[in-house]
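Architecture at a glance
Spelled out, the chains give:
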Amino acid sequence: MIAFPLSMQIIEDNLSDKYHNIILYNINLSFSLEDVRLFHPNHPISPQYLYVLSAEDVSLLSPVLQKAAFLVSGKADFSQFPAECCGLFIEEQNDSLELFGQTQDIFEKYRKWNIALHNALETDNPLDCMLKISRPIFQNPIFVHDTAFNILAYSHHLPGMAVWEQNPQTGQPMLSLSQINDFRVDYEYLHTLTTTGPCIYSAEQRGYPILYINIWQNGRYEGRICVNEMESPIRPGQSTAIEHLANLIVLALRNRRLVQFNQDNNLKHFFIDFLSGKLSDTTATYKIMQLLDWKRSDSYLCLRLEAKQQDVRMMSSAAAIGHIETQVSGSCAFVYKNGISAIVNLTYSHTSISNVLSSLAILLRESLMIMGVSTEIRDFLLLPQGHDQAVTALNLGAQSDSTSWCFRFDDLRLEFLYQKAAENFSPKLLHSPELALLKEYDQQNNTELFQTLKVFLELERNVLQTSKKLYIHRSTLSYRLERICKITNLNLENPKERLQLQLSFYFMELEDHTLQD
């Protein structure tokens, strides 16, 4: 559990509701207080405790005492107070035991708040829960918005606050376009996009001050938490509280607790339905993107893992999925159609395809699995097609004699085109008729025009390199090329004709390889 650093400023904020004559002494000294104790002159002093004592007992404090916090009831002689300590003097309270009990209540209040925040991490709607729990702490409306001004959660909404509209894609509240445009041209707002830690946004734009803190992850601005000063004054100690709240909200984001689905309809079930085409309504899709803070235009990668041999048992699916999600940040892996599929947000995790593949090499080797990898997908809505690419790459790779464990669709595009074309036409109908003509001419005349053209195109029409590879003179090559063009009526200066010829050569090789198998 992340401890809440209770400060002397928070103690002063809470006691000021009851007392008006509070004198502060070195209150800005940094303290993270764990609990409150009654002062006893014979007991050691520890900096993690706040000590309550009467004004008469101040004389018992050692003048050289350092790094300690005290709460004093009654009018005291400041000359006797240690110069290196901090203190709150409640001059109108003469009962130190009563003050001790009131301070205990303050510690208990924030202790319970912190426990409730951590418990909220385990709920289906952690942000909503956290903000409602935090309402008594801030005593003002609290809300969280993302970079697009979508309202992710809020404690309550009051008249006078910004009017929220409904996002047509997600159904969530958001600022209106006019308000968003006002912020985007406001100099003060633009400055707030670079701040770290708690800050105050002036009342000039909204009519009331706003205590805010930006949410940063991996150096990227993800949104912010705002407290509107509408019901009670913002107090200095609330800066510590909002910073603690921000840490737990970031933890909720990292733990993927923002997906608002129950146990039978969670994130993995969403992806299974999404990839299988069962989701016709895009609202759920946009909601998932919003809750994960993934953007439609982020870069994505789809992975498909299966056992290398059907008679070899894969390692535990749960262990494999856990390994993937641990090694590859910004990923979601799940069992799907007798294998494991995974979606990776490359933008969110600030990684590359090569880093993803290298991080999974040990898993694939030790679990005897092979993996298909899609091309880089730059549209979340195209992930089902990206997953089909990964499946296709895996199947094409498995059909080959390759000992590789990873097959990328980027490397198998031509094989895919040939496979899809061969589903509708005989492979022979995919070949260029000019190449068939050359083959026939070579057989009848014992020439090598077919191979000459193939090498010439492979070497990008470099006459010198082609002559060397074929062990012929340049004049012989020129003669053969002239003969080829005369027989086939080809125009080798035409890039489209050259591309068709190269595809035909490649398809012929694939056909020969298939026949040999």
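Since the model is a prediction, treat every value here as computed from it, not as a measurement. (Residues numbered from 1 in each chain as written. Predicted model: local features only at pLDDT ≥ 70, side-chain atom pairs only at ≥ 80, totals over all residues. Heavy atoms only, no water.)

A separate point is the overall build of the protein. What the protein contains, in helices and strands, is 20 helices and 17 strands. Its C-alpha atoms give the protein a radius of gyration of 35 Å, more than 25% over the compact-globule value 24 Å for 517 residues. The dimensions of the protein, computed from C-alpha atoms along their principal axes, are 120 × 50 × 50 Å. Relative to its full complement of 517 residues, the protein shows a buried share of 47%. Taking contacts inside the protein between residues at least 6 apart in sequence as the whole, the part at least 24 apart equals 58%. Of the accessible surface of the protein, which amounts to about 26200 Å², a share of 50% is contributed by carbon and sulfur atoms. Averaging the positions of the 43 positive and the 58 negative side-chain charges in the protein gives two centres separated by 8 Å. (Helix = DSSP H or I, 4+ residues; strand = E, 2+ residues; numbered from the N terminus. Rg over C-alpha atoms; globule rule 2.2 N^0.38 Å. Buried < 20%, exposed > 50% of the residue type's maximum accessible area, 1.4 Å probe, protein only. Contact = heavy atoms within 4.5 Å. Areas by Shrake-Rupley, 256 points an atom, 1.4 Å probe, with all protein chains shown as cover. Lys, Arg positive; Asp, Glu negative; His and termini not counted. Charge placed at Lys NZ, Arg CZ, Asp CG, Glu CD.)

Turning our attention to the packing of aromatic side chains. Using the criterion set out here, one finds 27 aromatic pairs in the structure. Ring plane angle 65° and centroid distance 5.7 Å describe the contact between Phe143 and Trp164, whose orientation is recorded as edge-to-face. A residue pair is termed long-range when its members are at least 10 positions apart, and Phe143 in strand E6 (residues 142–146) and Trp164 in strand E8 (residues 164–166) qualify at 21 residues. Taken together, the aromatic side chains of Tyr25, Phe39, Tyr49, Tyr51, Phe70, Phe78, Phe81 and Phe89 make up a single cluster linked through ring pairs. Stacked on the ring of Tyr49, the Lys or Arg Arg37 has its end atom at 4.1 Å from the ring centre. It is Lys439 that lies over the ring of Phe450; its NZ or CZ is 5.2 Å from the centre. (Phe/Tyr/Trp six-rings, centres within 6.5 Å; stacked < 30°, edge-to-face > 60°. Lys NZ or Arg CZ within 6 Å of the ring centre and 35° of its normal.)

Before going further, it helps to examine the sheet that holds strand E10 (residues 199–201). Overall, antiparallel pairing links the five strands, which are arranged E7-E6-E12-E11-E10 in an open sheet. The strands lining the two open edges of the sheet, one partner per strand, are strand E7 (151–154) and E10. Averaged over all neighbouring strand pairs, the angle between strand axes comes to 30°, with direction disregarded. Of the strand pairs in this sheet, strand E11 (residues 210–217) and strand E12 (residues 220–228) are connected by eight bridges, and their pairing is antiparallel. Paired with Tyr212 across the two strands is Cys226, which belongs to E12. (Pairing = 2+ DSSP bridges. Axes fitted to C-alpha atoms, helices over the stretch in contact; angles between N-to-C directions.)

Counting buried positions over the six residues of strand E15 (residues 340–345) gives six, a clear majority of the element. Both faces of E15 are covered, namely the face carrying Ile340, Ala342 and Val344 and the face carrying Ser341, Ile343 and Asn345. Alignment of strand E13 (residues 300–307) against E15, held across six bridges, turns out to be antiparallel. Along E15, the bridge assignment pairs Cys302 with Ile343.

Strand order in this open sheet of five strands is E1-E5-E4-E3-E2, and the pairing throughout is mixed. Looking along the sheet, the strands with just one partner apiece sit at the ends: strand E1 (22–25) and strand E2 (35–38). Sheet twist, expressed as the average angle between the axes of neighbouring strands with direction ignored, equals 20°. In terms of strand pairing, E2 meets strand E3 (residues 49–54) through four bridges, oriented parallel. By the bridge assignment, Asp35 is partnered in E3 with Tyr49. Set on the sheet, helix H1 (residues 8–15) makes contact with E1, E3, strand E4 (66–73) and strand E5 (84–90); between it and E5 the angle comes to about 5°.

Attention now moves to the confidence of the model for the protein. Here the protein averages 86 in pLDDT, while 93% of its residues score no lower than 70. For the protein, the element scoring lowest by mean pLDDT is helix H10 (residues 317–327), at 76; helix H4 (residues 135–138) scores highest, at 96. A low-confidence stretch, residues 257–265 stays under pLDDT 50, and its non-local contacts, those more than four residues away or across chains, total 27 contacts. Every residue in residues 311–315 scores below 50 in pLDDT, and together they form nine contacts with partners more than four places removed in sequence or on other chains. (pLDDT = per-residue confidence, 0-100.)

A separate point is helix H2 (residues 96–120). With 25 residues, H2 should reach 36 Å at 1.5 Å per residue; the first-to-last C-alpha distance of 36 Å fits that figure. Capping of H2 at its N-terminal end is provided by Asp95; its side-chain oxygen lies 3.0 Å from the backbone amide nitrogen of Leu97. (Expected span 1.5 Å × (residues − 1). Polar contact = N/O pair within 3.5 Å; in protein donor to acceptor, adjacent residues only side chain to side chain.)

This part takes up the packing of helix H18 (residues 463–470) against helix H19 (residues 474–488). In contact at an axis separation of 9 Å, H18 and H19 are set at 100° when each is read in the N-to-C sense. In this view, H18 runs roughly perpendicular relative to H19, as classed from their interaxial angle. Only Arg474, Leu477 and Arg480 of H19 make contact with H18, whose side of the interface consists of Val463, Thr466, Ser467 and Leu470. (Parallel < 35°, antiparallel > 145°, perpendicular 65-115°, else oblique.)

Turning our eyes to something else, we now look at the side chain of His145. Note on placement: His145 falls in strand E6. Exposure remark for His145: the relative accessible area of 6% places this residue in the buried category. Setting aside residues no more than four positions away along its own chain, His145 makes contact with Asn150, Ile151, Leu152, Tyr221, Glu222, Gly223, Arg224 and Cys226.

With that settled, consider the nonpolar core. Judged by nonpolar contacts, the single largest core of 52 residues is most densely connected at Leu15, Met130, Phe138 and Ile225. At nine residues, helix H7 (residues 238–254) tops the list of elements feeding residues into this core. (Core = buried A, V, L, I, M, F, W, Y, C linked by side-chain atoms within 4.5 Å.)

Taken as a whole, helix H8 (residues 267–275) has its buried residues at Leu267, Phe270, Phe271, Phe274 and Leu275. Axial view of H8: buried residues confined to an arc of 120°, hence all on one face. Check the buried side of H8 and you find it contacts helix H9 (282–292), strand E14 (331–335), E15 and helix H14 (383–399). Positioned one or two residues after H8, Gly277 has a phi angle of 80°, which is positive. (Arc of directions from axis to C-beta.)

On to the pattern of salt bridges. Scanning all chains against the criterion turns up 15 salt bridges. Two residues, Arg37 and Asp35, come together in a salt bridge whose shortest N-O distance is 3.6 Å. Under the relative-accessibility criterion, Arg37 is labelled partly exposed at 34%. Judged by relative accessible area, Asp35 falls into the partly exposed class, the value being 23%. The network of salt bridges with common partners includes Asp35, Arg37, Glu108 and Arg111. (Salt bridge = Lys/Arg side-chain N within 4 Å of Asp/Glu carboxyl O.)

Let us now look at the side chain of Gln238. The residue Gln238 is located in helix H7 in this model. Within the structure, the side chain of Gln238 is placed 3.3 Å from the backbone oxygen of Phe138, a separation counted as a polar contact. Ignoring anything within four residues of it in the chain, the contact list for Gln238 reads Asp13, Ile137, Phe138, Leu211 and Pro233.

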